[in-house]
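Residue strings, one per chain:
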Amino acid sequence: MADDTTDTKSSNQMWGGRFASGPDAIMEEINASIGFDKKLFAQDIRGSIAHATMLAHQGIISTDDKDKIVHGLNTILSEIESGNFEFSRQLEDIHMNVEARLATLIGPAAGRLHTARSRNDQVALDFRLWVKEELQKTEQMLTNLIAAFLDRAEEHAESVMPGFTHLQTAQPVTFGHHCMAYVEMFGRDRSRVRHAIEHLDESPIGAAALAGTGYPIDRHMTAKALGFREPTRNSIDTVSDRDFAIEFLSIAAIAGMHLSRLAEEIVIWSTPQFGFVRLSDAFSTGSSIMPQKKNPDAAELVRAKTGRINGSLVALLTIMKGLPLAYSKDMQEDKEQVFDAAESLELAIAAMTGMVRDMTVNTARMKAAAGSGYSTATDLADWLVREAGLPFRDAHHVTGRAVALAESKDCDLAELPLSDLQAIHPDITDKVYGVLTVEASVASRKSFGGTAPSEVRRQIAFWRARN
Ligand code: ARG
């Protein structure tokens, strides 16, 4: 007996703190989602108004009750928007919080709202509406980021910089061309967003718990009222599907990866060693101890946010992977992942758009770096193919010897005297110097999608028209 008492006491101590009152408190803590799903209040109310309107139209509830319900729901909407709504954790989630308040406001008619629906299709609806709006916002933000890059690309269609592979100087490119690479990346992200909107544009409401309903509801009517293309076709899939959330997260993860690569480049470019760009004060910070420093904090944080977004994607995939059809409470854990990722993505896009627009580009530094590292060696090889008729492999070999000689003399290829070049290959003439400059190098790369300023301008025009 004495042992029993000790046991009870020690388990109570284990619950500890706010769980001191026992299992009920633990259950409430693990079960309640109101702390985060209150974010869905506007979607929840919009969905309920559409549902009640349809019920009345179909003669399932009276017009009188519908009017009371709609009026009550609008009152709740303004209460929440003005901060005059008391959310209760005992009422678990946003759906029951709204419904309980409706009962207080309008009495028994409130009980008719939940006819022919379940929280399973209700939450699927609310969340879909939220994700759809977030995708639309993301689409707009990506468009702004693309516009920022198009402007910088236009400004720098002719500014040469070193192009890299393995982060080693490879061939000269233009900064405009480099900017346009990001336009392609964020353009793909934007089309993924558009496709995702198309995929999720089906209304879940009316699937009820999982099997549909015996009431003569009109799912096409609610779909239309809520701005969906059509209703979903399978009630089981409808309440167990979270693909739309996972698609959002995977798009966010891919866009985040792009943003992070851009952030990384900005971190590198803004070092004193590179000095290609200078960030505006708005997007950098000083050091508390080293007065000379200007740190690219915003870019670093964008790089880090990507880790959070990836975490959310993996979390939701893992939550969903073992679930039997149809709804399981595990699915309640979908929202925080999406909300957190959405916030990170929005911030990351906004920060990078600002940075791209504001940064000062040091074209002199870029040009100087573009010419170093024998970046025009390929141009020499191509000249030997074109003008001296050498097979490319032989030209590559000859050029390798020229580079080795220049290295041993600690000079650029263009600084080698003609006699040196002719000693390596007798067919080389002084015309070769025309292709050894970085400007000539980029101007020659006119192949479709290449770095020649004329091509860069063609790409810019394409994207300006595309939108
Ligand atoms: N709060 C729940 C969620 O987010 C709503 C659905 C509850 N459904 C249920 N059958 N318990 O998933």
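Just so it is clear, the structure is predicted and the values come from calculations on it, not from any experiment.

1. Some remarks on the overall build of the protein
Right, so step 1: Broken down by element type, the protein carries 19 helices and six strands.
Right, so step 2: Taken over the C-alpha trace, the protein has a radius of gyration of 31 Å; the compact-globule value for 467 residues is 23 Å, which it surpasses by more than 25%.
Right, so step 3: Expressed along its principal axes, the backbone C-alpha trace of the protein runs to roughly 100 × 65 × 40 Å.
Right, so step 4: Expressed as a percentage of its 467 residues, the buried residues of the protein come to 49%.
Right, so step 5: Put simply, of all contacts in the protein between residues at least 6 apart along the chain, 74% involve residues at least 24 apart.
Right, so step 6: For the protein, the accessible area works out to roughly 22500 Å², and carbon and sulfur atoms hold 53% of it.
Right, so step 7: With 49 positive and 63 negative side-chain charges, the protein shows a spacing of 3 Å between the two charge centroids.

2. A word on the environment of Gly 111
Right, so step 1: Relative to the helices and strands, Gly 111 is located in the loop between α6 (94–106) and α7 (119–155).
Right, so step 2: Spatially, the C-alpha atoms of Gly 111 and Glu 99 are 8.2 Å apart, while their sequence positions differ by twelve residues.

3. With respect to the confidence of the model for the protein
Right, so step 1: Per-residue pLDDT for the protein has a mean of 94; in total, 96% of the residues score no lower than 70.
Right, so step 2: Here residues 1–11 is modelled with pLDDT under 50, and outside its nearest four sequence neighbours on either side it reaches zero contacts, counting other chains as well.

4. A few points about helix α16 (residues 392–409)
Right, so step 1: Here α16 is 18 residues long and its end C-alpha atoms lie 26 Å apart, about the 26 Å a rise of 1.5 Å per residue gives.
Right, so step 2: Looking only at α16, the buried set comprises Ala 395, Val 398, Thr 399, Ala 402, Val 403 and Ala 406. Down the axis, α16 shows its buried residues gathered within 145° of arc, on one side only. Counted as exposed and oriented over 90 degrees from the buried face of α16: Arg 393, His 397, Glu 407 and Ser 408.
Right, so step 3: The inward-facing, buried residues of α16 abut α15 (377–388) and α17 (418–424).
Right, so step 4: Asp 410 sits one or two positions beyond α16 and adopts a positive phi of about 55°.

5. Some details on the site of the ligand
Right, so step 1: All residues adjacent to the ligand are Ser 33, Asp 37, Asp 93, His 95, Arg 119, Asn 120, Val 123, Tyr 327, Gln 332 and Lys 335.
Right, so step 2: Ser 33 places a polar side-chain atom, nitrogen or oxygen, 3.3 Å from a nitrogen atom of the ligand.
Right, so step 3: With respect to the ligand, the side chain of Lys 335 contributes an N or O atom lying 2.6 Å from an oxygen atom.
Right, so step 4: Alone, the ligand offers 340 Å² of accessible surface; in the complex the protein occludes 86% of this.
Right, so step 5: Considering each element in turn, the shell around the ligand owes the most residues, three residues, to α7.
Right, so step 6: Taken together, the residues of the shell around the ligand sort by class into two nonpolar, four polar and four charged.

6. A short note on the environment of Glu 29
Right, so step 1: Looking at the secondary structure, you find Glu 29 in helix α2 (residues 23–31).
Right, so step 2: Residue classification places Glu 29 among the partly exposed positions, given a relative accessible area of 28%.
Right, so step 3: Separated by 348 residues in sequence, Glu 29 and Ala 377 place their C-alpha atoms 67 Å apart.

7. Description of the packing of helix α11 (residues 243–269) against helix α13 (residues 334–358)
Right, so step 1: Between α11 and α13, whose axes approach to 10 Å, the crossing angle comes to 30°. Handedness of the crossing formed by α11 with α13: left-handed. Every residue of α13 that contacts α11 at Ala 245, Phe 248, Leu 249, Ala 252, Ala 255, Gly 256, Leu 259, Leu 262, Ala 263 and Ile 266 is listed here: Gln 337, Val 338, Ala 341, Ala 342, Leu 345, Ala 348, Ile 349, Met 352, Met 355 and Val 356.
Right, so step 2: Residues belonging to the contact of α11 with α13 are distributed by class as follows: 18 nonpolar, two polar and no charged.

8. Observations concerning the packing of aromatic side chains
Right, so step 1: Under the counting rule described, the total for this entry stands at eleven aromatic pairs.
Right, so step 2: Each ring, one from Trp 130 and one from Phe 339, has its centre 4.7 Å from the other, and the planes form 65°; the classification is edge-to-face. Here Phe 339 lies in helix α13 and Trp 130 lies in helix α7, a separation of 209 residues in the sequence. Note on accessibility: Trp 130 and Phe 339 belong to one class, buried.
Right, so step 3: Look at Tyr 182 and Phe 186: their rings are 6.2 Å apart centre to centre, the planes differ by 25°, and that puts the pair in the stacked class. Taken together, the residues span about one helical turn, with Tyr 182 and Phe 186 both in helix α8 (residues 175–200) at a distance of four residues. For the pair Tyr 182 and Phe 186, a shared accessibility class is recorded, and that class is buried.
Right, so step 4: Through pairs of rings, three or more aromatic residues link up here, namely Phe 127, Trp 130, Phe 244 and Phe 339.
Right, so step 5: The ring of Phe 127 has Lys 335 sitting right over it, with the charged end atom 5.7 Å from the ring centre.
Right, so step 6: Lying across the ring of Trp 463, Arg 466 places its NZ or CZ 4.8 Å from the centre.

Thresholds applied
- Residues numbered from 1 in each chain as written.
- Predicted model: local features only at pLDDT ≥ 70, side-chain atom pairs only at ≥ 80, totals over all residues.
- Heavy atoms only, no water.
- Helix = DSSP H or I, 4+ residues; strand = E, 2+ residues; numbered from the N terminus.
- Rg over C-alpha atoms; globule rule 2.2 N^0.38 Å.
- Buried < 20%, exposed > 50% of the residue type's maximum accessible area, 1.4 Å probe, protein only.
- Contact = heavy atoms within 4.5 Å.
- Areas by Shrake-Rupley, 256 points an atom, 1.4 Å probe, with all protein chains shown as cover.
- Lys, Arg positive; Asp, Glu negative; His and termini not counted.
- Charge placed at Lys NZ, Arg CZ, Asp CG, Glu CD.
- pLDDT = per-residue confidence, 0-100.
- Expected span 1.5 Å × (residues − 1).
- Arc of directions from axis to C-beta.
- Near = heavy atom within 4 Å.
- Polar contact = N/O pair within 3.5 Å; in protein donor to acceptor, adjacent residues only side chain to side chain.
- Nonpolar A, V, L, I, M, F, W, Y, C, P; charged D, E, K, R; others polar.
- Axes fitted to C-alpha atoms, helices over the stretch in contact; angles between N-to-C directions.
- Left-handed = near helix turned anticlockwise from the far one by under 90°.
- Phe/Tyr/Trp six-rings, centres within 6.5 Å; stacked < 30°, edge-to-face > 60°.
- Lys NZ or Arg CZ within 6 Å of the ring centre and 35° of its normal.

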